[in-house]
Amino acid sequence: MDTIISSTTASSVKPKAVASGDKHIWGIFIALCIISIVELYSASSREVASSSLGVMGPILRHLAMLAMGICLTWYLSRRHYSFFALFTVIFSAASVAAMVYVMFWGQYINGARRSMSLLGFGIYPAEMIKISAVLLVALVMSLNQDRKGVGITKTGMIICGVILAVFCLLLMKQGLTNTLLLFAITYSMMIIGGVKFTHMLSLTGAFLFGAVAFVGYLFITEQREIPADAEQKIELVGSASDKKSEGSRLATWVARLSRHSADSVPKWEVEPRGVNRQEILSYMAQAHGGVHGVGPGNSREASRLPLAFSDYIYAIVVEELGLIGGVIVLMLYLWLLGRAAGIASRCKITYPALIVMGMAVMIAFQALFHMGIVTGVFPVSGQPLPLISKGGTSIIVTCIAFGIMLSVSRTATRHGNRSSETREEQEALPEQLRDENRMQL
């Protein structure tokens, strides 16, 4: 790792780059920013009363975060992708340190320690952990390529497993959804990278055993029966609160899964109450939107739906823009995933191919999880819609991911380029990261 850092820092050879990066990715990024501004303005009506800046307060804060994110995206897009080897080490160390701090001294949000304050800004390290995992796994897989075939060595697989296990343990107490999302992202990267089926099977068995052991530990240490109304004890709108609001995470998971699988009453006949208020109001918002929507700014449910500006913003998107608008937003994320796959397939070297795919998979999967939760496909949980939901940390992390993808699209050599450009690209990287891209996309 020291060799990578010193080589990456010291290298002054940079190959020629595309002027501005992939235009499709820029277009998706700009479109999501515009949708975010329009829809968040509608979805923030519950916050207006508590804002010292009046009606414009929530949207002005959001615009400030978007401006910071856009500047960060542009800055990272101008870097050569070899810069991200060093960035991975520093950012991952900061993410783990922040997560450990929050586990013991963080602020309580919605029943668990989730955030910390730094210079007046609220920071959610769980969002940082997800992108750190993607960067670390991409780096480890690039350093441990199986030179006799496609995929990574057994040692690389073990290191990836350890990284995933550590990060899952850090995330578990904050929420099951983030943990499952991290699994989905990491496993997808391994499959794309050509990891052997037997290695994947062994890793899956180890994690299943660990998951059973962890749930057993929670059940024993909590020493309580699981109440049917466990979720009612958790605040809907998070703020710093005392430890009494934490409750039982195991009880919350079981209650949500049980209600999701056992509820046979049609959704339109269920009365909104404390335990199901968010999900039922979100279904009402989507039904109200119909096919064409009621138009931007005309949402009826935004003033009643808790967390409409973050965990349930897709419901407001569908209400105002209709089924057509909801499908367009979905297609933007899938378009991003497909575009990243095209860029990765044309990279000459494994490392940029892995990081561009990892960033796209992270954004697309998080969007799909959010939409699945809001539409009732998955059990209720909290997951922001990338770049559209309110949230400083989520916006910054998503902008970092876009910046990395644009950097790779701008500086990675494509198939068909001159051999001299390929040599220049290899010289810009430490020797350990120069393996030829053999991924099967």
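So, here's what we can say about the structure. (Residues numbered from 1 in each chain as written. Predicted model: local features only at pLDDT ≥ 70, side-chain atom pairs only at ≥ 80, totals over all residues. Heavy atoms only, no water.)

Some details on the pattern of salt bridges
Link 1 in the chain: All told, the structure shown has four salt bridges when counted by the stated rule.
Link 2 in the chain: Salt-bridge contacts for Arg300 lead to Glu301; the nearest nitrogen and oxygen are separated by 2.8 Å.
Link 3 in the chain: Looking at Glu301, the relative accessible area reads 0%, which means it is buried.
Link 4 in the chain: What you see here is one network of salt bridges that share partners, running through Arg300, Glu301 and Arg304. (Salt bridge = Lys/Arg side-chain N within 4 Å of Asp/Glu carboxyl O. Buried < 20%, exposed > 50% of the residue type's maximum accessible area, 1.4 Å probe, protein only.)

Quick word on the side chain of Asn178
Link 1 in the chain: By the secondary structure assignment, Asn178 is in helix α8 (residues 176–192).
Link 2 in the chain: The contact partners of Asn178, leaving out residues within four places of it in the chain, are Ala126, Lys130, Leu171 and Gln383. (Helix = DSSP H or I, 4+ residues; strand = E, 2+ residues; numbered from the N terminus. Contact = heavy atoms within 4.5 Å.)

Observations concerning the environment of Gly175
Link 1 in the chain: Here Gly175 shows up in the loop between α7 (154–172) and α8.
Link 2 in the chain: A relative accessible area of 10% places Gly175 in the buried class.
Link 3 in the chain: Once the C-alpha coordinates of Gly175 and Ala112 are considered, the two residues, 63 residues apart in sequence, prove to be 8.4 Å apart.

Focus: the nonpolar core
Link 1 in the chain: Membership of the largest hydrophobic core comes to 111 residues, with the highest contact counts inside it found for Tyr81, Ile131, Tyr333, Leu387, Phe402 and Met405.
Link 2 in the chain: Among the elements that make up this core, the one with the highest residue count is helix α13 (residues 350–375) (16 residues).
Link 3 in the chain: For Met405, the contacting residues outside a window of four places in its chain are Ile25, Leu336, Val356, Met359, Ala360 and Ile363. (Core = buried A, V, L, I, M, F, W, Y, C linked by side-chain atoms within 4.5 Å.)

Overview of the sheet that holds strand β1 (residues 107–109)
Link 1 in the chain: Within the open sheet, the three strands sit side by side as β1-β2-β3. Their pairing is antiparallel. In this open sheet, the two edge strands, each paired with only one partner strand, are β1 and β3 (121–123). Averaged over neighbouring strand pairs, the angle between their axes works out to 45° when direction is ignored.
Link 2 in the chain: With three bridges joining them, strand β2 (residues 112–118) and β3 adopt antiparallel strand pairing. Looking at the pairing, Met116 lines up with Ile123 of β3. (Pairing = 2+ DSSP bridges. Axes fitted to C-alpha atoms, helices over the stretch in contact; angles between N-to-C directions.)

Some words on α8
Link 1 in the chain: With 17 residues, α8 extends 24 Å between its outermost C-alpha atoms, agreeing within 8% with the 24 Å of an ideal straight helix rising 1.5 Å per residue.
Link 2 in the chain: Within α8, twelve of the 17 residues are buried, which leaves the element mostly enclosed by the surrounding structure.
Link 3 in the chain: Residues of α8 that are buried include every one of Thr177, Asn178, Thr179, Leu181, Leu182, Ile185, Thr186, Tyr187, Ser188, Met189, Met190 and Ile192, and no others.
Link 4 in the chain: Just past α8, the residue Gly194 takes up positive phi, approximately 85°. (Expected span 1.5 Å × (residues − 1).)

Structural notes on the state of the cysteines
Link 1 in the chain: This model, assessed by the stated rule, comprises zero disulfides.
Link 2 in the chain: With no disulfide of its own, Cys399 lies closest to Cys33 among cysteine sulfurs, the gap being 6.1 Å. (Disulfide = S-S within 2.5 Å.)

What to know about the environment of Ile373
Link 1 in the chain: The residue Ile373 is located in helix α13 in this model.
Link 2 in the chain: Each C-alpha atom, one on Ile373 and one on Gln383, is 8.2 Å from the other, the two residues being ten residues apart in sequence.
Link 3 in the chain: In this structure, Ile373 is in contact with Thr177, Tyr312, Phe378, Pro379, Val380, Ser381 and Gln383, ignoring residues within four places of it in sequence.

Considerations on helix α12 (residues 313–345)
One full turn of an α-helix is made of 3.6 residues, so residues set three or four places apart face in the same direction.
Link 1 in the chain: Between its first and last C-alpha, α12 extends only 34 Å over 33 residues, short of the 48 Å set by a 1.5 Å rise per residue.
Link 2 in the chain: At Gly322, α12 shows its maximal bend, which comes to roughly 125°. (Bend = angle between axes of the 7 residues up to and from the residue.)

Brief notes about the side chain of His62
Link 1 in the chain: Following the sequence through the fold, His62 ends up in helix α4 (residues 57–77).
Link 2 in the chain: Of note is the side chain of His62, whose polar atom sits 2.5 Å from the side chain of Ser36.
Link 3 in the chain: With near-sequence residues (within four places) excluded, His62 lies in contact with Ser36, Leu40, Ile388, Ser389, Lys390 and Ile395. (Polar contact = N/O pair within 3.5 Å; in protein donor to acceptor, adjacent residues only side chain to side chain.)

Brief notes about unusual backbone geometry
Most peptide bonds take the trans configuration, and most residues that are not glycine carry a negative phi.
Link 1 in the chain: Residues other than glycine seldom take positive phi values, yet Leu307 does so here, at roughly 60°.
Link 2 in the chain: In this fold, Leu307 is placed in the loop between α11 (277–289) and α12.
Link 3 in the chain: Note on Leu307: relative accessible area 8%, which makes it buried.
Link 4 in the chain: With phi around 75°, Leu387 is a residue other than glycine that occupies positive phi space.

A word on a nonpolar patch on the surface
Link 1 in the chain: Where nonpolar side chains cluster on the molecular surface, the patch consists of Val291, Leu323, Ile324, Val327, Ile328, Met331, Leu334 and Leu368 and spans about 660 Å² of accessible area.
Link 2 in the chain: Here the element with the most residues in the nonpolar patch is α12; it accounts for six residues. (Patch = residues over 30% accessible without salt bridge, like charges linked within 9 Å, V, L, I, M, F, W, Y side chains within 5 Å. Areas by Shrake-Rupley, 256 points an atom, 1.4 Å probe, with all protein chains shown as cover.)

Structural notes on the packing of helix α6 (residues 125–143) against helix α14 (residues 392–411)
Link 1 in the chain: One way to put it is that α6 packs onto α14 with a least axis distance of 9 Å and a crossing angle of 20°. Considering their axes alone, α6 and α14 lie roughly parallel with respect to each other. Where α6 abuts α14, its residues Glu127, Met128, Ile131 and Leu135 lie against Thr393, Ser394, Val397, Ile400, Ala401 and Ile404.
Link 2 in the chain: Of the residues contributing to the contact of α6 with α14, the split by class is seven nonpolar, two polar and one charged. (Parallel < 35°, antiparallel > 145°, perpendicular 65-115°, else oblique. Nonpolar A, V, L, I, M, F, W, Y, C, P; charged D, E, K, R; others polar.)

Points about the packing of aromatic side chains
Link 1 in the chain: Here the structure, examined in full by the defined rule, presents eleven aromatic pairs.
Link 2 in the chain: Consider the rings of Tyr81 and Tyr351, whose centres lie 6.4 Å apart with planes at 50°: the pair is tilted. Of this pair, Tyr81 sits in the loop between α4 and α5 (83–105) while Tyr351 sits in helix α13, placing them 270 residues apart in sequence.
Link 3 in the chain: Among the residues examined, Tyr81 registers a relative accessible area of 0% and is labelled buried.
Link 4 in the chain: We classify Tyr351 as buried; its relative accessible area is 0%.
Link 5 in the chain: These aromatic residues form a ring-pair network of at least three members: Phe83, Phe84, Phe87 and Phe91.
Link 6 in the chain: Of note, Arg79 hangs over the ring of Tyr75, and the distance from its end group to the ring centre comes to 4.5 Å.
Link 7 in the chain: Lying across the ring of Phe309, Lys390 places its NZ or CZ 5.2 Å from the centre. (Phe/Tyr/Trp six-rings, centres within 6.5 Å; stacked < 30°, edge-to-face > 60°. Lys NZ or Arg CZ within 6 Å of the ring centre and 35° of its normal.)

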